[in-house]
Amino acid sequence: MDSPPRTRGKKPSTSKIPVNQQQQQSGVDNSSANLPEDDASKKKNAEFLPFKAGNQLLCRWRDGIYYPVKIIARRKLVDGGVDDFEYYVHYIQFNSRLDEWVRLEQLDLDSLKTNIAEEGHEELDAALLYEHEKVTKVKNIETIELGSYKIETWYFSPCPAEYNDCRELFFCEFCLTFFKHKSQLQRHKKKCDSRQPPGNEIYRDGTLSIYEASFHALLHTPNMLKQVDPKKNWVYSENLWILAKLFLENKAPLKDINRFLFYVLCECDDSGCHMVAYFSKRKDPEGIYNLSYILTLPPYQRRGYGAFLIAFSYELSKKEGKAAGAPERPLSDLGRRCYERYWTWVLLNILKQRRDDFSIQELSQMTAIHIGDIAKTLQDLELIQSTKELQTRHCMDTETLDRLLRDAAGPPGGLKFDVTKLDWTPYKQEQS
Ligand SMILES: [Zn+2]
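Residue indices follow the written sequence of each chain, beginning from 1 at its first position. Only residues with pLDDT of 70 or above have their local features reported here, since the model is predicted, and side-chain atom pairs are shown and tallied only from 80 upward, although totals for entire chains, interfaces and linings are computed over all residues.

## Some points on the overall build of the chain
Basically, it comes down to this: Every helix listed is a DSSP run of H or I at least four residues long, and every strand listed is a run of E at least two residues long, numbered separately from the N terminus. Three exposure classes are used. Buried residues have 20 or more other C-beta atoms within 10 Å of their own C-beta, exposed residues have 12 or fewer, and partly exposed residues fall in between, all C-beta atoms being placed from the backbone. Two residues form a contact once the distance between their C-beta atoms, set from the backbone, is within 7 Å.
The secondary structure content of the chain amounts to twelve helices and 16 strands. In the chain, which comprises 432 residues, the proportion classed as buried is 36%. Long-range pairs, those at least 24 residues apart, make up 60% of the contacts in the chain between residues at least 6 apart in sequence.

## Considering the sheet that holds strand β4 (residues 100–103)
The condition that has to hold: Strands qualify as paired when DSSP identifies two bridges or more between them. Here, axes are lines fitted to C-alpha atoms. For helices the fit covers the stretch in contact, and angles between N-to-C directions go from 0 to 180 degrees.
The strand order across the open sheet built from five strands is β4-β3-β2-β1-β5, with neighbouring strands paired in antiparallel fashion. Two strands close off the open sheet at either side, each with one partner strand: β4 and β5 (107–113). Strand-to-strand twist across the sheet, computed as the mean angle between neighbouring axes with direction ignored, equals 50°. The pairing of strand β2 (residues 66–76) with strand β3 (residues 85–91) spans seven bridges and is classified as antiparallel. Pairing of Val69 across the sheet is with Tyr91, part of β3.

## Here we look at helix α7 (residues 305–319)
Heads up, the rule is: A helix is expected to span 1.5 Å multiplied by its residue count minus one.
Helix length check: α7 (15 residues) gives 21 Å between terminal C-alpha atoms against 21 Å at 1.5 Å per residue, within 8%. The buried count for α7 comes to twelve of 15 residues, which makes it a mostly enclosed element. Turning to α7, its buried residues are Tyr305, Gly306, Ala307, Phe308, Leu309, Ile310, Ala311, Phe312, Ser313, Tyr314, Leu316 and Ser317. Phi turns positive, to about 80°, at Gly321, one or two residues after α7.

## A short note on the UniProt feature "active site" (unreviewed entry) in the chain
To keep it simple, the criterion reads: UniProt positions are given in the numbering used here, feature names are shortened, and annotations may be inferred rather than shown by experiment.
When the UniProt feature table is mapped onto this chain numbering, "active site" (unreviewed entry) sits at Glu328. For Glu328, a count of 18 C-beta atoms within 10 Å corresponds to the partly exposed category. Residues within four places of Glu328 in sequence aside, it is in contact with Tyr289, Leu291 and Ser292.

## Comments concerning unusual backbone geometry
Here the residue pair Leu49 and Pro50 is connected by a cis peptide bond, since its omega of -10° sits within 30 degrees of zero. Along the chain, the position of Pro50 falls in the loop between α1 (19–26) and β1 (56–60). Cis geometry is adopted by the peptide bond preceding Pro330, which originates at Arg329 and carries an omega value of 0°. In this fold, Pro330 is placed in the loop between β16 (326–327) and α8 (333–353). For Leu176, which is not glycine, the phi dihedral falls at a positive 65°. Of note, Leu176 is situated in the loop between β8 (168–171) and β9 (178–179). Exposure remark for Leu176: the 22 C-beta atoms within 10 Å place this residue in the buried category. Phi is positive for Arg302, close to 65°, though the residue is something other than glycine. Within the element layout of this structure, Arg302 appears in the loop between β15 (294–296) and α7. A residue is classified by how many C-beta atoms lie within 10 Å of it, and Arg302, with 14 of them, is partly exposed.

The following block contains the structure:
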C-alpha cells in the first residue's frame, strides 16, 4: 500500500527518543537499556537457557537500541553447538510484521521475565517447523529477491513443502516462478521468455500498464490458448497469492484461487513490464465486493500505486453496471489507511466543487463507493453526526472543506487513473 508505517504508531528507529523515555515506554524492567558490553552480569540468567516461548526480555534491534520482546519460538542453529539456539521474537510495542529470528547475543539476559513462560518448543525438524510456523504465524521466508530488489518479508506464507528449509526465495519477476538459490534463478532467466504478466493488457497509459490474469478466463478464450500455457497461468496466479501472503495477514485460502481475477499493475520499459502492485477480485458477478486483497510491493510503496488501483477497482464496478462496490473485509492495517485516504480525498474534492445540496446516495452514484463507506468517512471527518444520516444534505462551509482538504493527503506521485484508456469487458459478458 502507499503509506506503510513499519510499525503501529511508532517506528522502532527511535534514535531521537531519549533513552530514559524509551525505558518508560517499554513496560519491562529495562534499567539495563544502556547495556554494558561486559556480559558478566548476563550470565546470572544463563541457567534459564534455552529460553522458552512466552519469555519476555530485551532485544537489540538493528538500530542498536534494546526493546522488550516476547519469544514465540526457538530453533537450533544450523552452524551451532547442541545448545545453540536462535529465537523468533515479537517486539511487544510494534506491529508483528517486525517479528524476526534473532541470535542469543542480541538478547539481554538480565532483563528476562521468567514467570510468564508458556510451554516451550523443542528442536523442530523442517516439516514440523513448517507446521509450527503455520499455526504460530512465525515468518518462514525472511527475504525475497524480485527484479532488482531484495525485500524483507512481513508474514508467514504457505510455500510448497520443498521450501520448508528455505529462508530466502528468488523470484523471476515476469513469470513469478521462484527458486531456492540464485543460481537456479539465473539459469531460469536464460530460458524464460516472459516479459509481462500472462493475460490481457486492459489498460495502457504511457509506461503504466494493467494486465488481467485469470486461470479460467484464459482457458475459455481460444485465441489466448495459443499464446498462454494454462498451467503456467495457474502457477502465476498461485505465486501471486504466495507473494501476497508474505506481506498480508488473514487472507483467503489457496483453494479458492480459480474464483479470482487478478489485476497486475506494471511499470514498463525496454526490458519488460515490471509488476509494482496488484489486487484480486472475485469473479462473482452478483456480489458487491470489487476487491479481495491489494498489495503494493514494498519497494514501490508511497508512490500512489495503491490509490491508483483502488480508483481502477471502482471504475470496474461502474463498467459492470453495479450501483457501487466495496473492498472485502477485514482490510489489512495498511489497506484500511489507503482506502480511508482515498475515500477522504475523493469525497472532499466533490464536496468542494459542488455548490448545491445532494445526498450521500448521489455521492455513491458518482463515485461507485458504497454508501456505508461514504457515511463512515463523512462521520470520521465530523461532517455528519451519524452513519445513519444517509439522506443528509451537505451544508459544509467552504472554510471547513478547505481545512479538511489541506489536512487530507492526496494520492502521492500524481498518478491519475484515466478511464478512457481502459479496454475491458466484464467477466460475466466474456463468458456468455
Ligand atoms: Zn520466468
